[in-house]
Amino acid sequence: MEANAEKAEPRISKDLEQSRHHIEQSLKDCSDAAYLSCKLGGKVPGMFVYFNGLTDEERLNEIRHSMFSWEFSETEEWLETMEQEVTSFSCTRIETFQEMMSQLTLGNAVLFVDGSDGGYVFSLGDWRKRAIEDPVAESVIRGPREGFTETLDDNMSMIRRRIRTPSLKMKGIEIGEYTKTRIIIGYVEGLAAPELIAEIEHRLAAIEVDGILESGNIEEFIEDQPYSPFPQLISTERPDTVVAGLLEGRAVILTDNTPFVLIAPISIFSLLQSPEDYYQRFLISTFIRWLRYLFFLVALLVPSAYVALLTYHQEMIPSALLLSIAKSRESIPFPALVEAFIMETMFEALREAGVRLPKQVGAAVSIVGALVIGQAATSAGLVSSPMVMVVAITGIASFLLPHYSVGISIRLLRFPIMLLAGVLGLLGLLMGVIGIVIHLSGLRSFGVPYLSPLAPLMAGEWQDVVMRPPAWKPNRRPRFTRSGGSIRRTKGSKL
Amino acid sequence: MKKKISSFQMFLLMFQMILSSSVLLMPSITTMLSGKDMWMTPIFSMLVGYLTVWVAFKLYKLAPHGSFVKLLESSFGKVIGKGMNILFIIFQVHIIAIATRDYGEFIVTNFYLKTPVYIIIISMLILCAWVVSGGIEVLARTGQVFIPIITICTLFIFIFLIPELDPSTIFPMFEKGAAPVFKGSVVVAGWFCQIFLVIYILPYVKQENTIQKWGYICVTGIGLLMLIANITVFMLMSESASFYNYPVFTAARYIAYAEFFEHVEAIVMMVWVLGEFFKISFYYFTIYLSLSETLELQKPVVIILPIGLLLLLSTFWLAKDFQMIGDFISKSGTLYILTGFFIFPLVIYALTVIKQRLKA
């Protein structure tokens, strides 16, 4: 197969004019393509091809000038001499025009010389890029402050700097018929299971699409259960999260032109953990973890529980509280379910507006928001003040989840459960919860059960779920890794 | 067949399968039959539980590929074997239809007086069909999430009742001799013998050597929890426990702490709903499994919904009202269920062993 493809590809010809003609044909109407003629040693004609704005032109001119003063002997070995000279600029030789195109789009310049049937690639890629900044979506109080950027090479360097061993592998592939987006599969050899890497490669190779703009495009193609509301890969812009994942034997997928890196496989508990858990004192982190679990349930269930209790199980509410709720609901024209739906939808709309709006108008949203979900709404007699409280609590609860993607699933699932609670009370709520657990029990992320290590119960691993174990306590590697279950850290110097 | 679940998961499923309905219903019936000595009944019935686990494991070892369906077919010939399988499946449908109806009536009479009972039952069957279509693995994992919660909630209800208890009510023991205790024990044994259904999931269990151990632990655990339930209920209500259909539910109304933590009946309801969910799902799964094996289906998933419909119809076909069901459970029902889940397996075991001896 491959040999055939090679044959069909037009190879670079020895005649410079012919090459030039071919290049100009294929780069027709590409106004950013630049051609720069030169004379090697003042005699042999040559030509540089590159793209404006992608290549360091100053450096290119320097090289061009130095070439002019090369000394060639008039012997037959001039080609070899030239190649030796050129190699001093650390360049590589290419044979086909297709290779040339992929080099050009990376910002490199390609030199063609009359009489040579190859191109010489000068790595001069230098384009405008964003500086490394704080990760915006995942901030921490204690922990590294750098986040990934849109530049793949910078992102790889940030990982490589943290894992300084040749065992860190970064396999590259290209996806996208037109975008030819560079994708890197990163893993630590010896930690990650080879079957996992093979599976990821297999799934990535199956993608046939015009273009990949963000890792979200890839995520949708490779996840196990695309109809699930739950994310089956973590996307993060924090290098330390990625490195922690690599050290746990997970694989990471880097995509060019986006700061978001995918980690797989995961379980639902990885989505409820923040990298900072491991930087703060373990007692505090354990407390915060439990707080997160609690508010995970709060975000999912509190509005529906409120609806269920008010509609069907008033006797469960202590009398004093029931009286005050009844008093505030006296003038409300809606049943609890409708009230909850209006307010929750309002809140979601406000949040979405806040995310999309330009910063200058953002203040307006918060003012309007305070009016809609707040005192004004209550005094207008549209909603009761307990309902405002419920919405506010759920709002805070969903902000407590460290990964945006799981927060959004919870926000989505809240609505069907509210409906069930409005129809069947606590029984409906329970049905909704059972349904979600059935779904989660069947879900897998790259073959790893989504509820592990809780169900199926994995001894030794679940201590990282119920608490944040102290760093000096021996703990085991996740079972899906290559040396699954082996001791990951020993007691060390802890006395 | 793929090994998918651990013996601990098997233990959890069996534990909940038996306990779900028994904790709520048993204290009333045993008080009626055994009077003051009702709390002892689970102790004697546990023997039936141990024996059932033993015979289930023995039959599993005898069966080709561990399949009980295949065992009947190989021991009694294809036609008779298939007939026996179908009969046994119908028996299971009958038993679980009673439990489902019971669940529906409990919810309707105590919480949703105006909701039609079929809404409650259909919503439950839909969930069960969903988990069954996910397979034993999903059922086991769902169990692993919920069953510890159910057990802890049940225990908490009894713990909170401690201040209300009067220990002197259980004395004197053996007031009327051992006969009433025996009567009550037979009824409780009707719950224990259902553990025989474990035979259908044994082929899926990964660690074969720990199956028996966990089976016996399971029976012991169930017995202990039944004991706690019985003692608590009787010390709380003494003989009047027999007047209530669901004494534990009534008992929960006694719980009141700090003028805030009261009216926890809803927790009892949740425990009951979750428990019944596992019981119905488990039966649903065994019916689905044995039917697809008996009919030798290539794509068994298609019969899940028809089985659900069958269960739904049987819940209404079996009795006109709740009185009929209660009557059946406390009278002929015990003998009926013991015949199916205790005597039938013992006979099969005896016949299979004899047949093998004759051959050898």
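Residues numbered from 1 in each chain as written. Chains lettered and ligands numbered in written order. Predicted model: local features only at pLDDT ≥ 70, side-chain atom pairs only at ≥ 80, totals over all residues. Heavy atoms only, no water.

Undergrad: I keep staring at the overall build of chain B and nothing clicks. Help me out?
TA: Check the secondary structure of chain B and you find 12 helices and two strands. In chain B, the succession of α and β elements from N to C terminus is α-α-α-α-α-α-α-α-α-β-β-α-α-α. What you see for chain B is a C-alpha radius of gyration of 20 Å, in line with the 21 Å of a compact globule of 360 residues. Its C-alpha atoms give chain B principal-axis dimensions of about 65 × 45 × 40 Å. Classification of the 360 residues of chain B by burial places 60% in the buried group. With the model as given, the accessible surface of chain B reaches about 14,800 Å², and the carbon-plus-sulfur share is 70%. (Helix = DSSP H or I, 4+ residues; strand = E, 2+ residues; numbered from the N terminus. Rg over C-alpha atoms; globule rule 2.2 N^0.38 Å. Buried < 20%, exposed > 50% of the residue type's maximum accessible area, 1.4 Å probe, protein only. Areas by Shrake-Rupley, 256 points an atom, 1.4 Å probe, with all protein chains shown as cover.)

Undergrad: Would you mind showing me how to read the overall build of chain A here?
TA: Of the regular secondary structure elements, chain A holds 18 helices and 14 strands. Against the compact-globule benchmark of 23 Å for 495 residues, chain A has a radius of gyration of 30 Å, which places it well outside the compact range. Once the C-alpha set of chain A is aligned to its principal axes, its extents read approximately 105 × 55 × 45 Å. Looking at chain A as a whole, 48% of its 495 residues qualify as buried.

Undergrad: Would you take a moment to explain the sheet that holds strand 2 (residues 44-51) of chain A for this structure?
TA: Two modes of strand pairing occur in sheets, parallel and antiparallel, and in both the strands are linked by backbone hydrogen bonds. All names here are of chain A. Sheet architecture is open: five strands sit in the order 1-2-4-5-3, paired in antiparallel fashion. At either margin of the open sheet sits one strand with a lone partner, and together these are strand 1 (33-40) and strand 3 (92-94). Direction aside, neighbouring strands of the sheet carry axes that sit 30 degrees apart on average. Note: strand 3 against strand 5 (residues 119-122), three bridges, orientation antiparallel. (Pairing = 2+ DSSP bridges. Axes fitted to C-alpha atoms, helices over the stretch in contact; angles between N-to-C directions.)

Undergrad: Sorry, what's going on with the pattern of salt bridges here?
TA: Should the charged atoms of two oppositely charged side chains come close, the side chains can pair. Considering all chains together, one arrives at 31 salt bridges over all chains under this definition. The residue A:Glu150 makes a salt bridge to A:Arg130 at a minimum N-O spacing of 2.9 Å. In this pair, A:Glu150 sits in the loop between strand 5 and helix 6 (152-162) while A:Arg130 sits in the loop between strand 5 and helix 6, placing the two residues 20 residues apart along the sequence. A salt bridge links B:Glu296 to B:Lys78; the nearest nitrogen and oxygen atoms lie 3.7 Å apart. Linking B:Glu296 in the loop between helix 10 (265-294) and helix 11 (304-317) with B:Lys78 in helix 4 (residues 78-110), this pair joins segments that are 218 residues apart in sequence. Through salt bridges with shared partners, a single ionic network connects A:Glu344, A:Glu348, A:Arg351, A:Arg411 and A:Arg414. (Salt bridge = Lys/Arg side-chain N within 4 Å of Asp/Glu carboxyl O.)

Undergrad: Please clarify how the pairing of strand 5 of chain A should be interpreted in this entry.
TA: The side chains of a regular strand alternate, first on one face of the sheet and then on the other. Of the two faces of strand 5 of chain A, both are covered, the one formed by A:Gly119 and A:Val121 as well as the one formed by A:Tyr120 and A:Phe122. Turn length for the strand 4 (residues 109-113) of chain A-strand 5 of chain A hairpin, with the two strands adjacent in sequence and antiparallel, is five residues, and the turn residue A:Gly115 shows positive phi of about 100 degrees.

Undergrad: How do you make sense of the packing of aromatic side chains when you look at a structure like this?
TA: Describing an aromatic ring pair means giving the distance of the ring centres and the angle of the ring planes. If you walk through the whole model with that rule in mind, you get 37 aromatic pairs over all chains. Look at A:Phe341 and A:Phe415: their rings are 5.7 Å apart centre to centre, the planes differ by 40 degrees, and that puts the pair in the tilted class. Placement of the pair is A:Phe341 in helix 13 (residues 336-356) and A:Phe415 in helix 17 (residues 404-442), with a sequence separation of 74 residues. A relative accessible area of 26% means that A:Phe341 is categorised as partly exposed. Put simply, the rings of B:Phe68, B:Phe88, B:Phe91, B:Phe196, B:Tyr200, B:Tyr283, B:Phe328, B:Tyr336, B:Phe341 and B:Phe344 touch in pairs and so form one group of aromatic residues. (Phe/Tyr/Trp six-rings, centres within 6.5 Å; stacked < 30°, edge-to-face > 60°.)

Undergrad: Can you walk me through helix 10 of chain B in this structure?
TA: In an α-helix there are 3.6 residues to a turn, and that puts residues three or four apart on one side. All names here are of chain B. For helix 10, spanning 30 residues, the distance from its first C-alpha to its last is 43 Å, which sits close to the expected 44 Å at 1.5 Å a residue. The buried count for helix 10 comes to 28 of 30 residues, which makes it a mostly enclosed element. Phi for glutamate 296, located one or two positions after helix 10, is positive at around 50 degrees. (Expected span 1.5 Å × (residues − 1).)

Undergrad: Would you explain the side chain of B:Glu276 in this entry?
TA: Residue and element names in this part refer to chain B. Looking at the secondary structure, you find glutamate 276 in helix 10. For the buried glutamate 276, no salt bridge is present, and the opposite-charge side chain at shortest range is lysine 279, 5.6 Å distant. What glutamate 276 contacts, discounting residues up to four positions off in sequence, is Ser20, Ser21, Ala99, Tyr103, Met124 and Ser281. (Lys, Arg positive; Asp, Glu negative; His and termini not counted. Contact = heavy atoms within 4.5 Å.)

Undergrad: What is the right way to read the sheet that holds strand 10 (residues 261-264) of chain A from this model?
TA: All names here are of chain A. The strand order across the open sheet built from five strands is 6-7-9-10-8, with neighbouring strands paired in antiparallel fashion. At either margin of the open sheet sits one strand with a lone partner, and together these are strand 6 (168-175) and strand 8 (234-236). Averaged over all pairs of adjacent strands, the angle between their axes in this sheet comes to 25 degrees, without regard to strand direction. Pairing between strand 6 and strand 7 (residues 181-188): eight bridges, direction antiparallel. Bridge assignment links lysine 169 to a residue of strand 7, and that residue is tyrosine 187.

Undergrad: Would you mind going over the interface of chain A and chain B with me for this structure?
TA: Contacts between the two partners involve 26 residues from chain A and, on the opposite side, 31 residues from chain B. Here chain A packs against chain B, burying approximately 2,500 Å² in sum over the two surfaces, 78% of which is carbon and sulfur. In this structure, B:Glu137 engages A:Arg444 in a salt bridge whose closest nitrogen and oxygen atoms are separated by 2.9 Å. At the junction of chain A with chain B, the criterion picks out seven residue pairs in polar contact (both at pLDDT 80 or more). With 14 residues, helix 17 of chain A is the largest single contributor of residues to the side of chain A that touches chain B. Of the residues that constitute the side of chain A that touches chain B, the class distribution is 18 nonpolar, six polar and two charged. (Buried area = accessible area lost by both parts, 1.4 Å probe. Polar contact = N/O pair within 3.5 Å; in protein donor to acceptor, adjacent residues only side chain to side chain. Nonpolar A, V, L, I, M, F, W, Y, C, P; charged D, E, K, R; others polar.)

Undergrad: How do you make sense of the nonpolar core when you look at a structure like this?
TA: Grouped burial of nonpolar side chains is what soluble globular proteins tend to show. Counting residues in each nonpolar core, the largest one holds 188 residues, and the members touching the most others are B:Met10, B:Phe68, B:Ile107, B:Ile201 and B:Phe341. When residues of this core are assigned to domains, at least three fall in each of domain 2 (152-266) and domain 3 (278-448) of chain A. With sequence-adjacent residues up to four places away left out, B:Phe68 is seen in contact with B:Leu59, B:Ala63, B:Phe88, B:Phe196, B:Ile199, B:Tyr200, B:Phe344 and B:Ile348. (Core = buried A, V, L, I, M, F, W, Y, C linked by side-chain atoms within 4.5 Å. Domains from an automatic or database assignment.)

Undergrad: Where do I start with the domain arrangement of chain A in this structure?
TA: Interfaces are often sized by the accessible area lost when the parts come together. When its domains are assigned, chain A resolves into domain 1 (10-122), domain 2 (152-266) and domain 3 (278-448). A separation of 63 Å is found between the C-alpha centroids of domain 1 of chain A and domain 3 of chain A.

Undergrad: What am I meant to see in the pairing of strand 10 of chain A here?
TA: Residues and elements named next belong to chain A. Side-chain alternation along strand 10 places Val261 and Ile263 on one buried face and Leu262 and Ala264 on a second face that is also buried. Looking at chain direction, strand 8 and strand 10 are connected through three bridges and run antiparallel. Residue pairing in the sheet places threonine 236 in a bridge with valine 261 of strand 10. Where strand 9 (residues 251-255) meets strand 10, three bridges bridge the pair, whose relative direction is antiparallel. The partner of alanine 251 across the bridge, within strand 10, is alanine 264. Between strand 9 and the antiparallel strand that follows it, strand 10, lie five residues; asparagine 257 among them carries a positive phi value of about 70 degrees.

Undergrad: What's the story with unusual backbone geometry in this structure? I'm lost.
TA: Most peptide bonds are trans, and most residues other than glycine sit at a negative phi. For the bond from A:Ala264 to A:Pro265, the omega torsion is -10 degrees, close enough to zero to count as cis. Checked against the element boundaries, A:Pro265 lands in the loop between strand 10 and helix 10 (268-271). At the junction of A:Ser452 and A:Pro453, the peptide bond is cis and its omega measures out at 5 degrees in the coordinates. Of note, A:Pro453 is situated in the loop between strand 12 (448-449) and helix 18 (463-466). Notably, A:Lys180 is not glycine yet its phi reads approximately 50 degrees, a positive angle. Secondary-structure assignment places A:Lys180 in the loop between strand 6 and strand 7. For B:His65, which is not glycine, the phi dihedral falls at a positive 55 degrees. Note that B:His65 resides in the loop between helix 2 (41-62) and helix 3 (68-76).

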